[in-house]
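# Remarks on the overall topology
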Amino acid sequence: MKLCENDWLTINNLILNMYSHNGKRLLDNDFIKNLKYLIPYDRASFFIHDYEGERTLCKPEGIGFEEGVLEEKSEFINNSVPHVWVNFYERSTVVRDSDLFDERELRNSMYYSSLLINENVKYFLTISLAHNKMRVGVLTLFREKDKEDFSDKEVYIAEQIMDHIACYAYQSYELDQYNQKSHRIRPEKLAKQYDLTARESQVLQLLLKGYSTRSICEELHVAEPTAKKHLGGLYSKLKIKNKAELFKVFSEDDLDG
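Treat the numbers as computed from the prediction; the structure is a model and nothing was measured.

This part covers the pattern of salt bridges. Working definition: two side chains of opposite charge can pair if their charged atoms are close together. Overall, the coordinates contain 10 salt bridges when judged by the stated rule. A salt bridge links D152 to R96; the shortest N-O distance between them is 2.7 Å. One end of the pair, D152, is in helix α8 (residues 152–172); the other, R96, is in strand β3 (residues 93–96), with 56 residues separating them in the sequence. Where salt bridges share partners, they join R96, D99 and D152 into one cluster.

A few words on the pairing of strand β5 (residues 134–144). Buried residues dominate β5, accounting for 11 of its 11 residues. Direction of pairing for strand β1 (residues 43–49) relative to β5: antiparallel, over a ladder of 6 bridges. Residue pairing across strands places A44 opposite L141, the latter belonging to β5. Where strand β4 (residues 121–131) and β5 come together, 10 bridges link them in antiparallel fashion.

With antiparallel pairing, the 5 strands of this open sheet are ordered in space as β2-β1-β5-β4-β3. In the strand order of this sheet, the two ends are held by β2 (57–63) and β3, each with one partner. The mean angle between the axes of side-by-side strands here comes to 15°, regardless of whether they run parallel or antiparallel. Sheet topology note: the β1/β2 ladder contains 5 bridges and is antiparallel.

Moving on to the packing of aromatic side chains. Following the criterion strictly, the structure yields 4 aromatic pairs and no others. One cation-aromatic arrangement involves K36 over Y41; the distance from NZ or CZ to the ring centre is 5.1 Å. In this structure, R143 is placed above the aromatic ring of F150, and the distance from its NZ or CZ to the ring centre is 4.1 Å.

Cut-off values and rules
Residues numbered from 1 in each chain as written. Predicted model: local features only at pLDDT ≥ 70, side-chain atom pairs only at ≥ 80, totals over all residues. Heavy atoms only, no water. Salt bridge = Lys/Arg side-chain N within 4 Å of Asp/Glu carboxyl O. Helix = DSSP H or I, 4+ residues; strand = E, 2+ residues; numbered from the N terminus. Buried < 20%, exposed > 50% of the residue type's maximum accessible area, 1.4 Å probe, protein only. Pairing = 2+ DSSP bridges. Axes fitted to C-alpha atoms, helices over the stretch in contact; angles between N-to-C directions. Phe/Tyr/Trp six-rings, centres within 6.5 Å; stacked < 30°, edge-to-face > 60°. Lys NZ or Arg CZ within 6 Å of the ring centre and 35° of its normal.

Right, here's the structure in full:
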């Protein structure tokens, strides 16, 4: 896929403009609003990855949605969004949902029937964001029923800018604090304190860096059942139920003491 010179100039100008607004929430940044010139859309939503709670996604932001709609549906969205939306790992990815779901599947999905059918939406372009091997969040662009689906060129443009968006969001939402916490973890101390096996200690380090189970499998070259076995043993020893509790267990005082 080739872009013309004017497309690249527009992309560069949008990216420069985005970083000049550093500190703003993603959808408050003019970059996303002006992105319409390259990838026209009718609505947009952004959910940050939930590192502090027990959900997958949190803190919804929207463009084109009525005030409070995304917040009101937030819990339901976490339980019913298409799997591909949250099945992302250490790198950013772009998905045109029509490549994965036919119209019938989409219309029958709980996500569509509960939220989007009232918004006259038909097409989705989902950008799963990751930076520093950490999940950042999910940015989705929507088009209404009377428009055409997102083109191959528009998917390609999204792929060229996705890492910049991820980096901006990572900085704006101060996700480095979670990396800092994970970097303080000393495997030898934890292995001794909680009687962790060498493999459990490795799994713990990866969890604290935001790795999913599948990413752990790829990093450690093990099958999913094996990874889940290590996770089960780890959670049992730490007396926790999920990844969200890890940061509560390992506070700075615990780690530095």
